[in-house]
Amino acid sequence: MLSRARSHPAAPGRPRTGPPRPPRLPRPRRAGLPYLLLLPALALELLVHLVPMTVGVVMAFKGLTQQYLRDWTTAPWTGLGNFRVAVDFDAPVGAALLHSFWVTCCFTVLAVGLAWLLGTAAAVLMQDRFRGRGLLRTAFLIPYALPVYAAVITWSFMFQRDTGLVNHVLHDQLGILGTPPFWLIGDNSFAALVTVSVWRSWPFAFLILTAGLQNIPRELYEAAAMDGAGVWQQIRRITLPALRPVNQVLVLVLFLWTFNDFNTPYVLFGKSAPEPADLISIHIYQSSFVTWNFGSGAAMSVLLLLFLLVVTAGYLLATARGRRETHG
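Residues numbered from 1 in each chain as written. Predicted model: local features only at pLDDT ≥ 70, side-chain atom pairs only at ≥ 80, totals over all residues. Heavy atoms only, no water.

A. Region of interest: the nonpolar core. With 23 residues, the main nonpolar core has Phe107, Val152, Phe159, Leu193, Val196, Leu268 and Phe269 as its most contacted residues. Taken together, the elements giving at least two residues each to this core come down to helix H4 (92–125), helix H7 (148–158), helix H9 (188–213) and helix H13 (263–269). For this core, the leading source of residues is H9, giving 6 residues. Discounting residues that sit within four places of it in the chain, leucine 193 has contacts with Phe107, Thr264, Pro265, Leu268, Phe269, Ala277 and Leu279. (Core = buried A, V, L, I, M, F, W, Y, C linked by side-chain atoms within 4.5 Å. Buried < 20%, exposed > 50% of the residue type's maximum accessible area, 1.4 Å probe, protein only. Helix = DSSP H or I, 4+ residues; strand = E, 2+ residues; numbered from the N terminus. Contact = heavy atoms within 4.5 Å.)

B. How the structure looks around the environment of leucine 110. Examined against the element boundaries, leucine 110 turns out to sit in helix H4. Taking relative accessible area as the criterion, leucine 110 reaches 39% and is therefore assigned partly exposed. A sequence separation of 81 residues divides leucine 110 from alanine 191, and the C-alpha atoms of the two residues are 9.9 Å apart. Dropping the residues within four chain positions of it, leucine 110 is found in contact with Phe190 and Val194.

C. A look at the pattern of salt bridges. One pass over the full model with this rule turns up 2 salt bridges. A salt bridge links aspartate 128 to arginine 218; the nearest nitrogen and oxygen atoms lie 3.8 Å apart. Note that aspartate 128 is positioned in the loop between H4 and helix H5 (133–140) and arginine 218 in helix H10 (residues 218–226), a separation of 90 residues in sequence. Taking relative accessible area as the criterion, aspartate 128 reaches 46% and is therefore assigned partly exposed. Arginine 218 gets classed as partly exposed once you look at its relative accessible area, which sits at 39%. Across the pair arginine 161 and aspartate 162 runs a salt bridge whose closest N-O atoms are separated by 3.1 Å. Relative accessible area serves as the criterion here: at 29%, arginine 161 is assigned to the partly exposed category. What makes aspartate 162 exposed here is its relative accessible area of 66%. (Salt bridge = Lys/Arg side-chain N within 4 Å of Asp/Glu carboxyl O.)

D. Examining the packing of aromatic side chains more closely. All told, the structure shown has 20 aromatic pairs when counted by the stated rule. Where tryptophan 292 meets phenylalanine 294, the ring centres are 6.0 Å apart and the plane angle is 70°; that geometry is what we call edge-to-face. Each residue in the set Phe262, Tyr266, Tyr285, Phe289, Trp292 and Phe294 is aromatic and connected to the rest through ring pairs, giving one cluster. (Phe/Tyr/Trp six-rings, centres within 6.5 Å; stacked < 30°, edge-to-face > 60°.)

E. Layout of the side chain of threonine 258. Along the chain, the position of threonine 258 falls in helix H12 (residues 244–259). Here threonine 258 falls in the buried class, since its relative accessible area comes to 6%. Of note is the side chain of threonine 258, whose polar atom sits 2.7 Å from the backbone oxygen of leucine 254. (Polar contact = N/O pair within 3.5 Å; in protein donor to acceptor, adjacent residues only side chain to side chain.)

F. Geometry of a nonpolar patch on the surface. A cluster of nonpolar side chains, contributed by Leu46, Leu50, Val51, Met53, Val55, Val57, Trp72, Leu305, Leu306 and Leu309, occupies part of the molecular surface with about 790 Å² of accessible area. Every element with two or more residues in the nonpolar patch is listed here: helix H2 (33–59) and helix H15 (294–327). Here the element with the most residues in the nonpolar patch is H2; it accounts for 6 residues. Topologically, leucine 305 is positioned in helix H15. Given a relative accessible area of 31%, leucine 305 falls into the partly exposed group. (Patch = residues over 30% accessible without salt bridge, like charges linked within 9 Å, V, L, I, M, F, W, Y side chains within 5 Å. Areas by Shrake-Rupley, 256 points an atom, 1.4 Å probe, with all protein chains shown as cover.)

The structure is reproduced here in C-alpha coordinates:
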(Lines give C-alpha, C1' and ligand atoms only; values in the text may rest on other atoms or scores of the structure.)
Protein backbone atom coordinates (compact mmCIF):
# COMPACT_ATOMS: atom_id res chain seq x y z
CA MET A 1 0.00 0.00 0.00
CA LEU A 2 2.84 2.39 0.88
CA SER A 3 4.67 1.73 -2.35
CA ARG A 4 1.48 2.18 -4.33
CA ALA A 5 0.77 5.44 -2.57
CA ARG A 6 4.30 6.74 -3.23
CA SER A 7 3.99 5.90 -6.92
CA HIS A 8 0.98 8.22 -7.37
CA PRO A 9 1.66 11.92 -8.00
CA ALA A 10 0.68 14.50 -5.46
CA ALA A 11 -2.81 15.93 -5.50
CA PRO A 12 -3.20 18.96 -7.73
CA GLY A 13 -4.34 21.23 -4.91
CA ARG A 14 -1.60 20.22 -2.46
CA PRO A 15 1.53 22.44 -2.45
CA ARG A 16 4.84 20.80 -3.52
CA THR A 17 7.40 20.43 -0.75
CA GLY A 18 11.21 20.47 -1.15
CA PRO A 19 13.68 22.84 -2.82
CA PRO A 20 12.52 24.49 -6.05
CA ARG A 21 13.90 23.19 -9.30
CA PRO A 22 16.39 25.44 -11.12
CA PRO A 23 15.14 26.94 -14.35
CA ARG A 24 16.04 25.00 -17.47
CA LEU A 25 18.59 26.63 -19.71
CA PRO A 26 17.88 26.65 -23.43
CA ARG A 27 19.78 23.89 -25.17
CA PRO A 28 21.82 24.82 -28.22
CA ARG A 29 20.60 23.44 -31.46
CA ARG A 30 22.21 20.23 -32.58
CA ALA A 31 23.22 21.74 -35.90
CA GLY A 32 25.21 24.54 -34.24
CA LEU A 33 26.76 22.53 -31.43
CA PRO A 34 29.80 21.24 -33.46
CA TYR A 35 30.64 24.79 -34.55
CA LEU A 36 30.31 25.99 -30.97
CA LEU A 37 32.79 23.36 -29.83
CA LEU A 38 35.22 24.35 -32.59
CA LEU A 39 35.29 28.01 -31.59
CA PRO A 40 38.17 27.71 -29.05
CA ALA A 41 40.36 25.85 -31.54
CA LEU A 42 39.55 28.36 -34.30
CA ALA A 43 40.37 31.25 -31.99
CA LEU A 44 43.75 29.75 -31.10
CA GLU A 45 44.45 29.01 -34.76
CA LEU A 46 43.66 32.62 -35.59
CA LEU A 47 45.93 33.85 -32.82
CA VAL A 48 48.88 31.55 -33.51
CA HIS A 49 48.93 31.35 -37.31
CA LEU A 50 46.73 33.81 -39.14
CA VAL A 51 47.59 36.94 -37.17
CA PRO A 52 51.40 36.56 -37.57
CA MET A 53 50.89 35.66 -41.23
CA THR A 54 48.87 38.83 -41.79
CA VAL A 55 51.50 40.92 -40.02
CA GLY A 56 54.21 39.31 -42.18
CA VAL A 57 52.32 40.19 -45.37
CA VAL A 58 52.00 43.80 -44.21
CA MET A 59 55.72 43.92 -43.38
CA ALA A 60 56.55 42.79 -46.93
CA PHE A 61 55.26 46.15 -48.23
CA LYS A 62 57.29 48.22 -45.77
CA GLY A 63 60.92 49.30 -45.65
CA LEU A 64 61.33 47.73 -42.24
CA THR A 65 64.92 47.76 -41.02
CA GLN A 66 66.55 47.89 -37.60
CA GLN A 67 65.87 51.64 -37.39
CA TYR A 68 62.15 50.97 -37.02
CA LEU A 69 62.22 48.04 -34.59
CA ARG A 70 60.90 50.18 -31.74
CA ASP A 71 57.67 50.80 -33.68
CA TRP A 72 57.49 48.84 -36.90
CA THR A 73 54.23 50.51 -37.92
CA THR A 74 56.14 53.75 -38.58
CA ALA A 75 58.29 52.13 -41.27
CA PRO A 76 57.74 53.72 -44.71
CA TRP A 77 55.67 51.98 -47.32
CA THR A 78 57.67 50.68 -50.27
CA GLY A 79 54.85 49.04 -52.22
CA LEU A 80 56.27 46.29 -54.40
CA GLY A 81 59.83 47.49 -53.94
CA ASN A 82 60.88 44.55 -51.75
CA PHE A 83 59.41 42.11 -54.24
CA ARG A 84 61.21 43.77 -57.16
CA VAL A 85 64.52 43.46 -55.37
CA ALA A 86 63.84 39.79 -54.53
CA VAL A 87 62.97 38.78 -58.10
CA ASP A 88 65.71 40.82 -59.79
CA PHE A 89 67.89 37.82 -60.57
CA ASP A 90 70.59 39.96 -62.17
CA ALA A 91 71.23 41.74 -58.87
CA PRO A 92 73.09 40.09 -55.96
CA VAL A 93 70.01 39.73 -53.75
CA GLY A 94 67.87 38.11 -56.43
CA ALA A 95 70.70 35.89 -57.67
CA ALA A 96 71.34 34.61 -54.14
CA LEU A 97 67.63 33.93 -53.66
CA LEU A 98 67.41 32.06 -56.97
CA HIS A 99 70.43 29.94 -56.05
CA SER A 100 68.87 29.13 -52.69
CA PHE A 101 65.60 28.21 -54.42
CA TRP A 102 67.30 25.72 -56.77
CA VAL A 103 69.27 24.21 -53.89
CA THR A 104 66.02 23.76 -51.96
CA CYS A 105 64.32 22.13 -54.95
CA CYS A 106 67.15 19.62 -55.42
CA PHE A 107 67.26 18.93 -51.71
CA THR A 108 63.49 18.38 -51.54
CA VAL A 109 63.41 16.00 -54.52
CA LEU A 110 66.25 13.86 -53.13
CA ALA A 111 65.05 13.87 -49.51
CA VAL A 112 61.40 13.14 -50.31
CA GLY A 113 62.26 10.49 -52.92
CA LEU A 114 64.68 8.63 -50.66
CA ALA A 115 62.39 8.89 -47.63
CA TRP A 116 59.46 7.51 -49.62
CA LEU A 117 61.60 4.70 -51.08
CA LEU A 118 62.97 3.62 -47.71
CA GLY A 119 59.57 3.89 -46.06
CA THR A 120 57.92 1.80 -48.78
CA ALA A 121 60.61 -0.89 -48.67
CA ALA A 122 60.47 -1.13 -44.88
CA ALA A 123 56.66 -1.22 -44.83
CA VAL A 124 56.55 -4.03 -47.41
CA LEU A 125 59.23 -6.05 -45.61
CA MET A 126 57.48 -5.67 -42.27
CA GLN A 127 54.19 -7.09 -43.58
CA ASP A 128 55.20 -10.72 -43.18
CA ARG A 129 55.06 -12.10 -39.66
CA PHE A 130 58.36 -13.11 -38.11
CA ARG A 131 59.91 -13.19 -34.69
CA GLY A 132 60.91 -9.75 -33.44
CA ARG A 133 58.80 -7.83 -35.93
CA GLY A 134 57.24 -5.61 -33.27
CA LEU A 135 60.62 -4.72 -31.80
CA LEU A 136 61.99 -3.90 -35.23
CA ARG A 137 59.01 -1.70 -36.05
CA THR A 138 59.55 0.19 -32.80
CA ALA A 139 63.23 0.67 -33.61
CA PHE A 140 62.32 2.06 -37.03
CA LEU A 141 60.20 4.79 -35.42
CA ILE A 142 62.94 6.05 -33.09
CA PRO A 143 64.25 8.75 -35.50
CA TYR A 144 60.73 10.12 -35.89
CA ALA A 145 60.07 10.10 -32.14
CA LEU A 146 63.32 11.82 -31.14
CA PRO A 147 63.25 15.62 -30.66
CA VAL A 148 64.65 17.33 -33.72
CA TYR A 149 67.30 19.28 -31.83
CA ALA A 150 68.63 16.23 -29.99
CA ALA A 151 68.75 14.19 -33.20
CA VAL A 152 70.42 16.84 -35.38
CA ILE A 153 72.96 17.79 -32.70
CA THR A 154 73.92 14.12 -32.48
CA TRP A 155 74.43 14.03 -36.25
CA SER A 156 76.54 17.19 -36.09
CA PHE A 157 78.89 15.43 -33.67
CA MET A 158 78.96 12.35 -35.91
CA PHE A 159 79.92 14.48 -38.94
CA GLN A 160 82.97 16.04 -37.26
CA ARG A 161 86.10 15.55 -39.34
CA ASP A 162 88.56 14.34 -36.71
CA THR A 163 86.37 12.90 -33.96
CA GLY A 164 83.15 12.02 -35.80
CA LEU A 165 81.77 8.52 -36.13
CA VAL A 166 81.13 8.85 -39.88
CA ASN A 167 84.78 9.43 -40.77
CA HIS A 168 85.87 6.85 -38.21
CA VAL A 169 83.81 4.16 -39.94
CA LEU A 170 84.32 5.21 -43.57
CA HIS A 171 88.01 6.11 -43.31
CA ASP A 172 89.55 4.33 -40.33
CA GLN A 173 87.64 1.03 -40.37
CA LEU A 174 86.43 0.47 -43.94
CA GLY A 175 89.07 2.48 -45.78
CA ILE A 176 86.54 3.77 -48.33
CA LEU A 177 87.72 7.38 -48.11
CA GLY A 178 91.31 8.34 -48.81
CA THR A 179 91.36 11.35 -46.50
CA PRO A 180 88.75 12.27 -43.89
CA PRO A 181 86.50 14.88 -45.55
CA PHE A 182 84.75 17.87 -44.01
CA TRP A 183 81.03 17.14 -43.92
CA LEU A 184 79.66 20.37 -42.50
CA ILE A 185 81.46 22.77 -44.84
CA GLY A 186 82.05 22.78 -48.58
CA ASP A 187 80.37 20.59 -51.17
CA ASN A 188 79.84 17.67 -48.75
CA SER A 189 77.45 19.76 -46.67
CA PHE A 190 74.64 19.08 -49.15
CA ALA A 191 75.07 15.30 -48.77
CA ALA A 192 75.15 15.64 -44.98
CA LEU A 193 71.94 17.68 -45.03
CA VAL A 194 70.13 15.16 -47.25
CA THR A 195 71.30 12.29 -45.03
CA VAL A 196 69.97 13.86 -41.84
CA SER A 197 66.68 14.86 -43.48
CA VAL A 198 66.07 11.37 -44.88
CA TRP A 199 66.98 9.77 -41.55
CA ARG A 200 64.39 11.94 -39.79
CA SER A 201 61.54 11.69 -42.32
CA TRP A 202 61.56 8.12 -43.63
CA PRO A 203 60.03 6.62 -40.41
CA PHE A 204 56.98 8.84 -40.96
CA ALA A 205 56.60 7.41 -44.47
CA PHE A 206 57.05 3.93 -43.03
CA LEU A 207 54.33 4.56 -40.43
CA ILE A 208 51.78 5.91 -42.93
CA LEU A 209 52.44 3.20 -45.52
CA THR A 210 52.26 0.45 -42.89
CA ALA A 211 48.80 1.69 -41.93
CA GLY A 212 47.81 1.77 -45.61
CA LEU A 213 49.00 -1.80 -46.19
CA GLN A 214 46.66 -3.05 -43.48
CA ASN A 215 43.69 -2.30 -45.76
CA ILE A 216 44.92 -4.55 -48.58
CA PRO A 217 43.34 -8.02 -48.31
CA ARG A 218 45.86 -10.83 -48.04
CA GLU A 219 43.71 -12.90 -50.38
CA LEU A 220 44.86 -10.76 -53.29
CA TYR A 221 48.50 -11.73 -52.70
CA GLU A 222 47.58 -15.38 -52.24
CA ALA A 223 45.61 -15.41 -55.48
CA ALA A 224 48.44 -13.64 -57.30
CA ALA A 225 50.97 -16.15 -55.96
CA MET A 226 48.79 -19.04 -57.12
CA ASP A 227 48.68 -17.47 -60.59
CA GLY A 228 52.48 -17.41 -60.69
CA ALA A 229 53.09 -13.71 -59.90
CA GLY A 230 56.43 -13.00 -58.25
CA VAL A 231 57.21 -10.53 -55.49
CA TRP A 232 57.95 -7.63 -57.82
CA GLN A 233 54.81 -8.25 -59.85
CA GLN A 234 52.72 -8.32 -56.68
CA ILE A 235 54.23 -5.02 -55.55
CA ARG A 236 53.69 -3.46 -58.97
CA ARG A 237 50.19 -4.80 -59.64
CA ILE A 238 48.70 -4.89 -56.13
CA THR A 239 50.65 -2.93 -53.53
CA LEU A 240 51.43 0.30 -55.39
CA PRO A 241 47.96 0.73 -56.99
CA ALA A 242 46.28 0.07 -53.63
CA LEU A 243 48.57 2.59 -51.90
CA ARG A 244 48.03 5.33 -54.48
CA PRO A 245 45.61 7.41 -52.33
CA VAL A 246 47.93 7.11 -49.34
CA ASN A 247 50.99 8.01 -51.41
CA GLN A 248 49.30 11.09 -52.83
CA VAL A 249 48.78 12.56 -49.36
CA LEU A 250 52.13 11.31 -48.07
CA VAL A 251 54.18 12.86 -50.87
CA LEU A 252 52.42 16.21 -50.45
CA VAL A 253 53.02 16.27 -46.68
CA LEU A 254 56.67 15.27 -47.08
CA PHE A 255 57.15 17.92 -49.76
CA LEU A 256 55.74 20.71 -47.59
CA TRP A 257 57.71 19.60 -44.52
CA THR A 258 60.98 19.26 -46.40
CA PHE A 259 60.73 22.42 -48.47
CA ASN A 260 59.98 24.50 -45.36
CA ASP A 261 62.47 22.72 -43.11
CA PHE A 262 64.34 25.21 -40.97
CA ASN A 263 65.34 23.30 -37.85
CA THR A 264 67.56 20.72 -39.56
CA PRO A 265 69.89 23.11 -41.45
CA TYR A 266 69.89 25.66 -38.62
CA VAL A 267 70.96 23.15 -35.97
CA LEU A 268 73.37 21.38 -38.33
CA PHE A 269 75.17 24.44 -39.74
CA GLY A 270 74.22 27.36 -37.54
CA LYS A 271 73.07 30.80 -38.68
CA SER A 272 75.17 30.74 -41.86
CA ALA A 273 74.79 27.59 -43.95
CA PRO A 274 77.39 26.69 -46.61
CA GLU A 275 76.54 27.75 -50.14
CA PRO A 276 75.82 24.18 -51.39
CA ALA A 277 73.35 23.71 -48.50
CA ASP A 278 71.84 27.20 -48.45
CA LEU A 279 68.17 26.33 -48.19
CA ILE A 280 65.59 29.02 -48.74
CA SER A 281 64.41 28.88 -45.13
CA ILE A 282 67.92 29.70 -43.88
CA HIS A 283 68.33 32.32 -46.61
CA ILE A 284 65.16 34.12 -45.49
CA TYR A 285 66.32 33.93 -41.88
CA GLN A 286 69.64 35.54 -42.80
CA SER A 287 67.89 38.27 -44.78
CA SER A 288 65.67 39.07 -41.81
CA PHE A 289 67.72 38.51 -38.65
CA VAL A 290 71.33 38.83 -39.85
CA THR A 291 71.13 41.80 -42.21
CA TRP A 292 68.16 43.26 -40.26
CA ASN A 293 66.13 43.83 -43.42
CA PHE A 294 62.81 42.52 -42.25
CA GLY A 295 60.89 43.96 -45.18
CA SER A 296 63.00 42.05 -47.69
CA GLY A 297 62.78 38.84 -45.63
CA ALA A 298 59.00 39.21 -45.36
CA ALA A 299 58.73 39.67 -49.12
CA MET A 300 60.75 36.49 -49.67
CA SER A 301 58.46 34.67 -47.25
CA VAL A 302 55.37 35.83 -49.14
CA LEU A 303 56.90 34.65 -52.42
CA LEU A 304 57.67 31.28 -50.83
CA LEU A 305 54.07 31.05 -49.58
CA LEU A 306 52.70 31.82 -53.03
CA PHE A 307 54.97 29.22 -54.62
CA LEU A 308 53.86 26.53 -52.17
CA LEU A 309 50.20 27.43 -52.67
CA VAL A 310 50.54 27.16 -56.45
CA VAL A 311 52.41 23.85 -56.27
CA THR A 312 49.93 22.41 -53.77
CA ALA A 313 46.91 23.50 -55.82
CA GLY A 314 48.41 22.08 -59.01
CA TYR A 315 49.27 18.82 -57.28
CA LEU A 316 45.76 18.46 -55.85
CA LEU A 317 44.18 19.19 -59.22
CA ALA A 318 46.43 16.68 -60.95
CA THR A 319 45.74 13.94 -58.40
CA ALA A 320 41.99 14.62 -58.51
CA ARG A 321 42.02 14.37 -62.31
CA GLY A 322 43.96 11.13 -62.09
CA ARG A 323 41.40 9.68 -59.67
CA ARG A 324 38.53 10.67 -61.98
CA GLU A 325 40.25 9.06 -64.98
CA THR A 326 40.93 5.91 -62.98
CA HIS A 327 37.34 5.55 -61.74
CA GLY A 328 35.88 6.71 -65.03
